[in-house]
Amino acid sequence: MATPWKHCSILLLSLLLHLQSSTCLDRPPADRSGIHELRKEKKGRKKRKEERQKSPEAPQRKLLQVRGAALPFPPLKVFSDGEPCVLFQARRLSLRLEKQKQLDLTERAFSPQKSVDTSQSVCRRDKATLLMRFGDVEDLRGLSIRLQLSNTFYESSGQWWFSVDSVSLLYNTSEEAVFNASEVYAPASSSYHCLHVSNLQRHSALLLPSTDHARRWTITFTDFQIQAFNVSSGKFSPASDCATFLTPAILMGLVTSLILLLVLAYALHMVIHLKHIEHEDEHKADTYYPQTPEQPEHCYVENMAEKNIL
């Protein structure tokens, strides 16, 4: 039988448990408010991010949006009967008259926004003229560049070849500088490409001055490409690249080969010379040297003395 103290302790424990459970049920959890604040903070961050993305300042922070990043410009086209007959492109076109300021005509020649006047260009079956009229440029009045092209059939190769016969600079109404460009040619089924077409010696001088005015000028086409007489779909055909013989790489290879040949020739010469010296030494060792007449008499006297002693 349970004692009265035991009954009292059981009642006290049950009362305490009931009070604790009721207080826990009535009080909200302590971390609910923290969770609610975190959710509000995340929503605020998301809202601020969306506002930054929608703001007009966002595009200004993008990289690689530099003016002129669309270079190189598309090729210049000359049309005949609604079809392109000449395609011409260069990454840079620069001119200089003696010691005056260098002129960069790249944008004037190839930019769609500043299209050069090519209305007087002509295309025929065997001849073509690309005439680019720039107007007044710096101190030059009526500056124009004219490329004369021809299309010729060669029986030896059995195909048509086009060539740039000459490049002319027209300026100041009546002055003309003419350069011979007979080394610029390619099969008519392809385009012609060269890194530099220039009258400078460091660029192989594919343009040769043929008039006194031309000797006063410096002209350079960088990344030059042209096609005529067989243009299809307004795009360049596979390029026939210029092949200059004495490029810096080829020149260095020739110099290195010459040095190696000299070293090899010197080494062979030394080996042959050493063998010759060795052969002479062996020949000297086998040579018989006769004794002088005094030596036999001396030996005879010695032999006689030995016999007397015996």
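Residue positions are counted from 1 within each chain, in the order its sequence is given. The predicted origin of the model limits local features to residues at a pLDDT of at least 70 and limits the giving and counting of side-chain atom pairs to 80 or more, whereas totals for whole chains, interfaces and linings rest on all residues. Where side-chain values are given, they derive from all heavy atoms of the structure, hydrogens and water being excluded.

### Overview of the confidence of the model for the chain
How sure the predictor is of each residue is captured by pLDDT, a score from 0 to 100. Averaged over the chain, the pLDDT score is 77; the fraction of residues at 70 or greater is 65%. Residue contacts follow a heavy-atom distance rule, with two residues in contact if any of their heavy atoms lie within 4.5 Å. Taken as a whole, residues 21–31 scores under 50 in pLDDT and shows zero contacts with residues more than four places along the chain or in a different chain. Per-residue pLDDT stays below 50 along residues 55–71; that stretch engages in three contacts with residues further than four places along the chain or on separate chains.

### Let's talk about the environment of cysteine 85
Among the secondary structure elements, cysteine 85 is positioned in strand β2 (residues 83–89). When its relative accessible area of 11% is taken as the criterion, cysteine 85 is described as buried. A sequence separation of 149 residues divides cysteine 85 from glycine 234, and the C-alpha atoms of the two residues are 8.6 Å apart. Discounting chain neighbours no more than four positions away, the residues touching cysteine 85 are Val78, Phe79, Ser80, Cys123, Gln227, Ala228, Phe229 and Val231. Helical segments are the DSSP runs of H or I of at least four residues, strand segments are the runs of E of at least two, and each set is numbered from the N terminus. Here's how the labels work: a residue is buried when its accessible area is under 20% of the maximum for its type, exposed when over 50%, partly exposed in between, all with a 1.4 Å probe on protein chains only.

### Re the state of the cysteines
Here, the term disulfide refers to a pair of cysteine sulfur atoms separated by no more than 2.5 Å. What the rule picks out here adds up to two disulfides. The residue that forms a disulfide with cysteine 85 is cysteine 123, at a sulfur-sulfur distance of 1.8 Å. Here cysteine 85 and cysteine 123 share a disulfide; its torsion about the S-S bond, 65 degrees, makes the bridge right-handed. In this pair, cysteine 85 sits in strand β2 while cysteine 123 sits in strand β5 (residues 122–123), placing the two residues 38 residues apart along the sequence.

### Re the pairing of strand β8 (residues 159–171)
Residues in a regular strand project their side chains so that they alternate between the two faces of the sheet. Any two strands between which DSSP finds at least two bridges are classified as paired. The pairing of strand β7 (residues 140–154) with β8 spans eleven bridges and is classified as antiparallel. Along β8, the bridge assignment pairs asparagine 151 with phenylalanine 162. Both β8 and strand β10 (residues 185–187) contribute to a ladder of three bridges, which runs antiparallel. Bridge pairing in β10 places phenylalanine 162 opposite alanine 186. Examined bridge by bridge, β8 and strand β9 (residues 175–180) share six bridges and lie antiparallel to one another. Considered in β9, the bridge of tyrosine 171 is made with glutamate 175. Counting the residues in the hairpin turn of β8 and β9 gives three residues, including asparagine 172, whose phi is positive at 50 degrees.

### Here's the deal with the side chain of threonine 118
With respect to the secondary-structure elements, threonine 118 resides in the loop between α3 (106–110) and β5. The class for threonine 118 is buried, based on a relative accessible area of 18%. Dropping the residues within four chain positions of it, threonine 118 is found in contact with Leu76, Lys77, Leu130, Leu131 and Met132.

### Concerning the packing of aromatic side chains
Geometry of aromatic contacts follows a simple scheme: Phe, Tyr and Trp rings, the Trp one being its six-membered ring, pair when their centres are within 6.5 Å, and the pair is stacked under 30 degrees between planes, edge-to-face over 60, tilted otherwise. Taken as a whole and judged by the stated rule, the model has eight aromatic pairs. The interplanar angle of 55 degrees and the centroid separation of 6.1 Å between the aromatic rings of tryptophan 161 and tyrosine 185 together place this pair among those described as tilted. With tryptophan 161 in strand β8 and tyrosine 185 in strand β10, this residue pair connects regions lying 24 residues apart in the sequence. Centre to centre, the rings of phenylalanine 221 and phenylalanine 224 are 5.4 Å apart; their planes meet at 70 degrees, and the pair counts as edge-to-face. Aromatic ring contacts, followed pair by pair, group Phe88, Phe110, Tyr192, Phe221 and Phe224 into a single cluster.

### Comments concerning the nonpolar core
Counting residues in each nonpolar core, the largest one holds 47 residues, and the members touching the most others are Phe134, Ile145, Leu147, Tyr192 and Phe221. Per-element tally for this core: the top contributor is strand β13 (residues 217–228), with six residues. Buried Ala, Val, Leu, Ile, Met, Phe, Trp, Tyr and Cys residues form a nonpolar core when they are joined through side-chain atoms within 4.5 Å.

### Describing the environment of serine 150
One can find serine 150 in strand β7. Sequence separation between serine 150 and arginine 125 is 25 residues, and the spatial gap between their C-alpha atoms is 8.7 Å. Those residues within four positions of serine 150 in sequence are excluded, and the remaining contacts are Asp126, Lys127, Trp161, Phe162, Ser163, Asp165 and Phe229. Any pair of N or O atoms that falls within 3.5 Å is considered a polar contact. Within protein, one atom must be able to donate a hydrogen and the other to accept it, and sequence-neighbouring residues count only if both atoms are side-chain atoms. Side chain to side chain, serine 150 and aspartate 165 meet in a polar contact 3.0 Å long.

### Some details on a nonpolar patch on the surface
The residues that make up patches have over 30% relative accessible area and no salt bridge, and they are joined within 9 Å when like-charged or within 5 Å when they are Val, Leu, Ile, Met, Phe, Trp or Tyr. Using a 1.4 Å probe, accessible areas were evaluated by the Shrake-Rupley method; residue-level cover was limited to the displayed protein chains. Any carboxyl oxygen of Asp or Glu within 4 Å of a side-chain nitrogen of Lys or Arg constitutes a salt bridge here. A cluster of nonpolar side chains, contributed by Val255, Ile259 and Val263, occupies part of the molecular surface with about 260 Å² of accessible area. Within the secondary structure, valine 263 sits in helix α4 (residues 248–286). A relative accessible area of 52% places valine 263 in the exposed class.

### Here we look at the pattern of salt bridges
Pairs can form between side chains of opposite charge once their charged atoms are near each other. The tally for this structure, following the rule as stated, stands at six salt bridges. We note a salt bridge from arginine 216 to glutamate 98, for which the minimum N-O separation is 3.1 Å. With arginine 216 in the loop between β12 (208–209) and β13 and glutamate 98 in the loop between β3 (92–97) and β4 (103–104), this pair connects stretches of sequence that are 118 residues apart. With relative accessibility at 46%, the residue glutamate 98 sits in the partly exposed group. Note that arginine 146 and glutamate 176 form a salt bridge whose closest N and O atoms lie 2.5 Å from each other.

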